[in-house]
Amino acid sequence: MTDDLPAGPASQPAPRLQGPDDLHALSAPRRRSVDDHMFTAPGLSATFRLQLFTADGARPVAVAAQIAGAEGMSLMNGVERFAGAVWERHCPAEDQPPVWVERQLWPDRPRQATRFRRVVFAGAERYRPRSPKWSAITHDQLQGLVGAPVAADRGAGYVPRPAEPEPLLVFEEFAVACLARPAPFREPGCMPAGVRWWRRGLRQVVPRRGGARTCCWYHGGDWHRVTAMALQVLQSSRAQSVSPGGMEEFATAHAAEAGATRWETEALATLFSIADAIQPSSGTGYINGQHRSQAMLEAGVRRTVVLRHVDET
C-alpha cells in the first residue's frame, strides 16, 4: 500500500522508524479529537485541514493537509506558526508541540510530491517551535503512530477561496543592488541574515566569480553566468513573444544550447518559473527568492531577472 491510497486497518503493526525522535516510542492508541477542515492560524489568511489525535498520557499528533497554491501560506513556509497555533489552541497544557505531520496536496504533480512528511523541531519555547526538519512517513506508519485511521484527503468541508482576477505576469530585468535586504531562513551559517549596504557596494566593484561551493545549493555555481544567460533568454523571448507560462521551458532549451551545467540549467529555470522566480514584494521584502538574491549579492551580480504581478486596469 502506498501513502496515497485509502487507509487500511489501523491494527496492523507499523514499520519501526529510527531517528532522533523515534516514532515507535511515540506510538499509542489515540482518538481523533479534532477534525477542522478549515483551520486558520491567528494573523494568517492561510487554511488547512487539521486532524488532531489525542490520548491520556500520549503526546498529541497533528496531521495537516493543504492544497498547494490555493490556501495562502504553504504548510512548509508556515510550519512553525501553524504548529504553534495548534499547540496553543488545542493542547495548551503540553510542554512541547504536538507531533507534526503534514501533507501538501499538488493536484498536477506525481503522487510522490504529495506524500506525508513528519516534521521534527529542534526546540521550542512556549507555543513557538523552531528549526524544523522534514522526513517522509508513509500512511501506514502514520496510522501506526496514532493507532487510528487517518484521512489522507483535504476533506469535504474545504471551502475554496473566491476567484480573484488574474494578474498580468511580467518577467523583467532588475538591478540586484536594488533588491531588498534578504533575510534567509532555514539555511546553514553560509547565509547569515542580510547583506549590509557596504558589502553590497564592495561586491559590485569587485565581484566574486566562479568557484562553486559545497555548503548549499544556492552557492553551488556561478550566478554571473546564470544571470547573463537569463538576460539573453529575456531578450530572445520578447523577440519571439513567448508567454510567461512558457518561459521556463524556453530558458531550459537555451541552457542546453549554451552547454550549461546541470546546476546552471536548474538555476536558470528557477528564474523563469512562475512558482519559483524571484519576486520582490510591493513593500520592502520578497514574495519569493531571498536565498538566490543573497547569493547574487554576495557574488556581486549586477543584473538579474525578476517576476512581477501587474494588475490590469
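What counts as what
Residues numbered from 1 in each chain as written. Predicted model: local features only at pLDDT ≥ 70, side-chain atom pairs only at ≥ 80, totals over all residues. Heavy atoms only, no water. Axes fitted to C-alpha atoms, helices over the stretch in contact; angles between N-to-C directions. Helix = DSSP H or I, 4+ residues; strand = E, 2+ residues; numbered from the N terminus. Parallel < 35°, antiparallel > 145°, perpendicular 65-115°, else oblique. Left-handed = near helix turned anticlockwise from the far one by under 90°. Contact = heavy atoms within 4.5 Å. Nonpolar A, V, L, I, M, F, W, Y, C, P; charged D, E, K, R; others polar. Salt bridge = Lys/Arg side-chain N within 4 Å of Asp/Glu carboxyl O. Buried < 20%, exposed > 50% of the residue type's maximum accessible area, 1.4 Å probe, protein only. pLDDT = per-residue confidence, 0-100. Phe/Tyr/Trp six-rings, centres within 6.5 Å; stacked < 30°, edge-to-face > 60°. Lys NZ or Arg CZ within 6 Å of the ring centre and 35° of its normal. Pairing = 2+ DSSP bridges.

Caption draft 1: Local environment of the packing of helix α6 (residues 247-257) against helix α7 (residues 262-271). Following both chains from N to C, one finds α6 and α7 inclined at 155°, their axes separated by 8 Å at the closest point. Compared by their axis directions, α6 and α7 come out roughly antiparallel. By crossing handedness, the relation of α6 to α7 is classed as right-handed. Between α6, through E248, A251, T252 and A255, and α7, the contact on the second element is made entirely by T265, L268 and A269. A per-class count over the contact of α6 with α7 returns four nonpolar, two polar and one charged.

Caption draft 2: The pattern of salt bridges, seen in detail. Summed over all chains, the structure comprises eight salt bridges. For D35, the salt bridge is made with R49, and the minimal N-O distance between the two is 2.9 Å. Placement of D35 in strand β1 (residues 31-40) and of R49 in strand β2 (residues 47-55) is noted, with a sequence separation of 14 residues between them. Residue R49 is classed as buried on the basis of its relative accessible area of 5%. With a shortest N-O distance of 2.5 Å, E172 and R308 are connected by a salt bridge. You can see E172 sitting in strand β7 (residues 168-175) and its partner R308 sitting in strand β10 (residues 303-310), a full 136 residues away along the chain.

Caption draft 3: Quick look at the confidence of the model for the protein. Taken residue by residue, the protein gives an average pLDDT of 86. The fraction at 70 or more is 83%. Note that pLDDT drops below 50 for residues 1-20; the model gives that stretch 34 contacts with residues more than four away or on any other chain.

Caption draft 4: Broad picture of the environment of G123. Assignment of secondary structure puts G123 in strand β5 (residues 117-125). Overall, G123 belongs to the buried group, its relative accessible area being 16%. Spatially, the C-alpha atom of G123 lies 8.6 Å from that of Q96, the residues being 27 residues apart in sequence. Contact partners of G123, with chain neighbours within four places excluded, come to R128, P129 and R130.

Caption draft 5: The arrangement of the packing of aromatic side chains in detail. Scanning the model with the defined rule gives nine aromatic pairs in all. Note on F39 and F48: the rings are 5.1 Å apart at their centroids and 40° apart in plane angle, and the pair reads as tilted. Classification of F39 as buried rests on a relative accessible area of 0%. Overall, the relative accessible area of 0% leaves F48 in the buried class. By the ring-pair criterion, three or more aromatic residues cluster together here, those being F39, F48, F82 and W100. The ring of F116 carries the charged tip of R103 above its face, separated from the ring centre by 5.0 Å.

Caption draft 6: Inspection of the sheet that holds β2 at higher detail. In space, the six strands of this open sheet follow the order β1-β2-β3-β4-β5-β6, with mixed pairing throughout. A strand with exactly one partner marks an edge of an open sheet, and here the two such strands are β1 and β6 (128-136). Across the sheet, the mean angle from the axis of one strand to that of its neighbour is 25°, orientation sign disregarded. When β2 meets strand β3 (residues 58-67), the two strands line up antiparallel, connected through six bridges. Considered in β3, the bridge of R49 is made with A65. Taken strand by strand, helix α2 (residues 79-90) contacts β1, β2, β3, β4 (99-105), β5 and β6, and its axis lies near 115° from that of β6. Where helix α3 (residues 139-146) meets the sheet, it contacts β2, β3 and β4, and its direction lies at approximately 145° from that of β3.

Caption draft 7: Representation of the pairing of β1 in the model. Note that β1 and β2 share seven bridges and pair antiparallel. Of the residues in β2, the one forming a bridge with R31 is T54. With antiparallel pairing between neighbouring strands as the criterion, β1 and β2 make up a hairpin whose turn holds six residues, including G43 at a positive phi of roughly 80°.

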